Each structure stands twice: as structure tokens, then as C-alpha cells.
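Coordinate inspection notes
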Number of protein chains: 2
Amino acid sequence: MKVYIEPIGKLINEFSKLPGVGAKTAQRFAYRVINMSDQEAKNFADAIMSAKKNVHYCKICGNFSEGDICDVCKVRSAETICVVKEPKDVIAIEKLNEYNGVYHVLHGTISPLDGVGPNDINIKGLLSRIAEGGVKEVILATNPDVEGEATAMYITNLIKPLGIRVSRLAHGLPIGTDLEYADEVSLARAFIDRKTL
Amino acid sequence: MKVYIEPIGKLINEFSKLPGVGAKTAQRFAYRVINMSDQEAKNFADAIMSAKKNVHYCKICGNFSEGDICDVCKVRSAETICVVKEPKDVIAIEKLNEYNGVYHVLHGTISPLDGVGPNDINIKGLLSRIAEGGVKEVILATNPDVEGEATAMYITNLIKPLGIRVSRLAHGLPIGTDLEYADEVSLARAFIDRKTL
């Protein structure tokens, strides 16, 4: 006989798709679901569908948003724009409670090896926000890796001639890691030590 | 502002309920779901609901089953019954490909401290299966912990007077762990070395 009956096998298979989850862990997760009450299981499934359905991207900055405009763009002054690679980087920075400007999410970084050029990420949107006026500083908070640095240099070359202050997060962050996983003290320090390019 | 928008916060909360999943891991899982295609997210949610809806318990042995009778009870001779605590223990044993008898799932073990007595677990079902005749051996494969041993002793005292061979998995298993997590070699060895009580 097959070891798992089909509904269990399928669920284990779905859980295995999550990052860092192997066969044994997926199996434990599946048993947990089977032992849930009907309501708990429904809440779980609904949360997945709801996150997929109701999480959109802000039309101004590209951050996660429930409506057209995200909570940050709604209330904050656009004098300072912090440029990040992904929406989850916004969350990492928001957790610090250090920064009170707005964001611009590129949804990627320039990476010629992967075929991602400057036109494949949302640099155009950043330029039109600047063209509208009122922006005094752009903080480049892309990851401190090759692609992130290249993207930061590219954007600097575009924006600096416009007379706007362009800064980069200080390399208090260890090189080669993801911004999302930086410890909060280093990330906060990097904010304070950002240097004018 | 709150760090997470509501649908993300809710999903992170749901993932945190899984065993061994903390805030950071739950967050990674949630990001993975948001980056899934609509179809992938739907498959995931459906797998959860389907496992909850379609996984029943076999009316004979109490194992996981899609129908009234599980795949094991359908095809195997009931000469040897292996008694386990939970359905997941059946899966752990089936993975060995060593055992080809049937099972009896108690859905618990006797644990006076938790208020679980012999009538709260499915011992009655085991006795009526034996009363039907044809059973030659009962293998007690409850966990090698205090509750599992107590349950094994209790069942032995009930069944041995009936002239049926009663055996217990050999203590090749380290005491105090769960049967589900035993390495397969030790578990197979314990099957081979089972001793008559």
C-alpha cells in the first residue's frame, strides 16, 4: 500500500513547497492540520486565500497594500524616499521605528546574469515621483550585494545630476546577506550612518 | 502604522500555530504564499480543507482512512494486530515495509494525571476484534514512555488470559522519545526483537 492516503499526501506535498521545510517537517505540519477543528482549518485556508486576494501593491510606491495606496504613502511626507528591492524590506525597516519617510519598492535589482536590466525594475516610477518635485533625499537601501550595489550606482548616476541628495545605507550590514535578515541594531546603525554619494 | 497589513498579519498568525514555527519563519512562509500564483495558493488552501474533510478514521482499526475501512484492513489478514497510540504511528511502521499484519489505533494512552482512563481510549474495540476470533498475536507498539508502558501492561493483563500471544516492541528504541521520530533502523530492530510478555 502507499504510505499516505491521498489527502494527507497532497497536504504534505504542499507544505514541502514552503522555504526550509523538508519531508519530516511537512508531515508534522499536516498532522497538526488534521488535528485542528474544522473552524481552525477553515481559518487557515481562508488566511491563505485572503492574503493572495487582498494583498496588492501600492500604486505610488509598490509596497504591500490592501487598497490602491498603502498606509505609508497616505500619511507621510514624500520629502525622503527610501528605495528598497522588495516589499518585505519595507517591513524590516518599519520595524525599527527609525525612519519616517516614504518608500519606493523596485521589485527586483539589476542583474545582467539573470537577464534583469534597468527597465525590468521600477526605476521609471521613481523618476516620475522625483519629477513631480518636493523630493529632497533618496536613500538607497538595496541589499549590500553585487546586484544591490550595481542598482544603487545606476540610480545614483540618474538622480544626482538633478541636485537631489542621494545616500546609501552605511555598510554596518555584513556584505552578502539579505536586508530582511539583518539584526535590527545593525540595520538601525546603517540608517544613521548613511553616506552622501 | 502597524507593521503588517491585515491579510499578511493574519496569515503569519496562522502559520505561527504550526509546531516549531516562530515569528520569523511564519513571516517567510507568508511571503512565499504571497509570491505564489493564484492557482498555487488555491491548491494549498484546498489541500488543507481536503485533508480536514476527507481524512476519516477506519471503523475497524481507527487508522487514517478516506472511506469507512482503511486500505490496510481491506487487504490484510487480521491474524496479527499491532496496537499503536496514534494514526501517525501506523505511517511510521508502514514506512519500514517490515510488518504485514493489521493495526489497532488506541487514539491515546492511559494517563491518570491527564484524566485519561482505560475507557477513554479504544481498548473496547480491540477486545471485540479479538472476540470475533482468528487473532493469533497482539503486538503492543505504544510509545516507550510511562503512559505507553502502563497501557501495554493494562492490555496484556486483559488479553493474555485469552491464550493469545502478546508481545511488546523491543527496547531498541531510546526511552522517552516519540515512536514517530525514531530512526527507522532502531524501529525495525524493535520489531524483530519484540518479546513475548
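Just so we're clear, the structure is a prediction, and the values are computed from it rather than from any experiment.

1. With respect to helix 6 (residues 123-131) of chain B
Residue and element names in this part refer to chain B. Buried within helix 6 are the following residues: I123, G125, L126, R129 and I130. One side of helix 6 carries all its buried residues, which in axial view fall inside an arc of 160 degrees. Exposed and facing more than 90 degrees away from the buried side of helix 6 are K124 and A131. Where the residues of helix 6 are buried, they touch helix 4 (71-75), strand 3 (80-84), strand 4 (102-105), strand 5 (137-140) and helix 7 (146-159). Its side-chain oxygen placed 3.2 Å from the backbone nitrogen of G125, N122 serves as the N-cap of helix 6. G133 sits one or two positions beyond helix 6 and adopts a positive phi of about 90 degrees.

2. Focus on the interface of chain B and chain A
At the junction of the two partners, chain B supplies 55 residues and chain A supplies 55 residues. Along the contact surface separating chain B from chain A lie zero salt bridges. Counting the contacts that link chain B with chain A gives 10 residue pairs in polar contact (both at pLDDT 80 or more). Taken together, the residues that form the side of chain B that touches chain A break down as 29 nonpolar, seven polar and 19 charged.

3. Topic: the nonpolar core
In terms of nonpolar packing, the biggest core is built from 47 residues, with F15(A), F44(A), I48(A), F15(B), F44(B) and I48(B) touching the most fellow members. Of all elements in the fold, only helix 1 (6-16), helix 2 (23-34) and helix 3 (38-54) of chain A together with helix 1 (6-16), helix 2 (23-34) and helix 3 (38-54) of chain B reach the threshold of two or more residues within this core. The residues touching F15(A), leaving out its near neighbours within four places in the chain, are V21(A), A26(A), F29(A), A30(A), V33(A), F44(A), L18(B) and F44(B).

4. Overview of the domain arrangement of chain A
Examined at the domain level, chain A breaks down into domain 1 (6-54) and domain 2 (68-168). Distance between the C-alpha centres of domain 1 of chain A and domain 2 of chain A: 35 Å.

5. Things to note about helix 7 (residues 146-159) of chain A
Residue and element names in this part refer to chain A. If you check helix 7, its first and last C-alpha atoms are 20 Å apart, about what 14 residues at 1.5 Å a residue would give, namely 20 Å. Residues of helix 7 that are buried: G148, T151, A152, I155, T156 and I159. Take helix 7 and look down its axis: the buried residues cluster within an arc of 135 degrees, on one side only. For helix 7, the exposed residues set more than 90 degrees away from the buried face come down to V146 and N157. Those residues of helix 7 that are buried are in contact with strand 3 (80-84), helix 6 (123-131), strand 5 (137-140) and strand 6 (165-168).

6. A look at the pairing of strand 6 of chain A
All names here are of chain A. Two elements, strand 5 and strand 6, share four bridges in a ladder whose sense is parallel. Counterpart to E137 in the pairing with strand 6 is R165. Taken together, strand 5, helix 7 and strand 6 form a β-α-β motif whose crossover is right-handed.

7. Quick notes on the relation of the copies chain B and chain A
Of the two same-sequence chains, chain B is brought onto chain A (RMSD 0.1 Å, axial shift 0.0 Å) by a rotation of 180 degrees. On the angle and the small slide along the axis, the relation comes out as a two-fold axis. The rotation axis passes nearest to the C-alpha of A45(B) in chain B, at a distance of 2.2 Å. Interface overlap between copies is the fraction of interface residues in one copy that are interface residues in the other; for chain B against chain A it reaches 100%, indicating a shared surface.

8. Quick look at unusual backbone geometry
Across residues other than glycine, the phi torsion is negative in most instances, and most of the peptide bonds are trans. Residue and element names in this part refer to chain B. Unlike most non-glycine residues, N97 shows phi in positive territory, near 60 degrees. If you trace the backbone, N97 turns up in the loop between helix 5 (87-94) and strand 4. Here N97 falls in the exposed class, since its relative accessible area comes to 72%. Backbone geometry places H107, a non-glycine residue, at a positive phi of 55 degrees. By secondary structure assignment, the location of H107 is in the loop between strand 4 and helix 6.

9. A short note on the pattern of salt bridges
Tallying each qualifying case throughout the model produces 20 salt bridges over all chains. With a closest N to O distance of 3.9 Å, R32(A) and E40(A) form a salt bridge. With a closest N to O distance of 3.9 Å, K74(B) and D71(B) form a salt bridge. Residue K74(B) and its partner D71(B) are both found in helix 4; the two are separated by three residues, about one turn of the helix.

10. Topic: the environment of G117(B)
When you line up the elements, G117(B) lands in the loop between strand 4 and helix 6. Each C-alpha atom of the pair G117(B) and V166(B) lies 21 Å from the other, and the pair is 49 residues apart in sequence.

What counts and how
Numbering of residues begins from 1 in every chain and follows the order in which that chain's sequence is written. To read the labels, note that chains go from A and ligands from 1, taken in the order they are written. Local features are withheld for residues below a pLDDT of 70 in this predicted model, meaning they are given only at 70 or higher, and side-chain atom pairs are given and counted only at 80 or more; totals for whole chains, interfaces and linings count all residues. Here the side-chain values reflect all heavy atoms present in the structure, with hydrogen atoms and water set aside. A 1.4 Å probe rolled over the protein chains alone gives each residue an accessible area, and that area as a share of the maximum for its type sets the label: buried under 20%, exposed over 50%, partly exposed in between. Secondary structure counts use DSSP, requiring at least four H or I residues in a row for a helix and at least two E residues in a row for a strand, with both numbered from the N terminus. Each C-beta atom gives one direction from the helix axis, and the arc is the one those directions make. In this description, contact between two residues means that some pair of their heavy atoms is separated by no more than 4.5 Å. As used in this structure description, the phrase polar contact means that two N or O atoms lie within 3.5 Å; if the pair is within protein, one of them must be able to donate a hydrogen and the other to accept it, and residues adjacent in sequence are counted only when both atoms belong to side chains. The salt bridge criterion pairs a side-chain nitrogen of Lys or Arg with a carboxyl oxygen of Asp or Glu, the two atoms within 4 Å. Gly is put with the polar residues, along with every residue not named as nonpolar or charged; the nonpolar set is Ala, Val, Leu, Ile, Met, Phe, Trp, Tyr, Cys and Pro, and the charged set is Asp, Glu, Lys and Arg. The set of buried Ala, Val, Leu, Ile, Met, Phe, Trp, Tyr and Cys residues whose side-chain atoms join them within 4.5 Å is what this entry labels a nonpolar core. Start and end points for every domain follow an automatic or database-based domain assignment. A helix is expected to reach a length of 1.5 Å times the quantity of its residues less one. Following DSSP output, two strands are said to pair if at least two bridges run between them. For crossovers, right-handed means that the path from the first strand over the helix to the second runs clockwise, given strands pointing away from the viewer. A least-squares superposition brings the copies together, and it is based on the C-alpha atoms of residues with pLDDT no lower than 70 in both.

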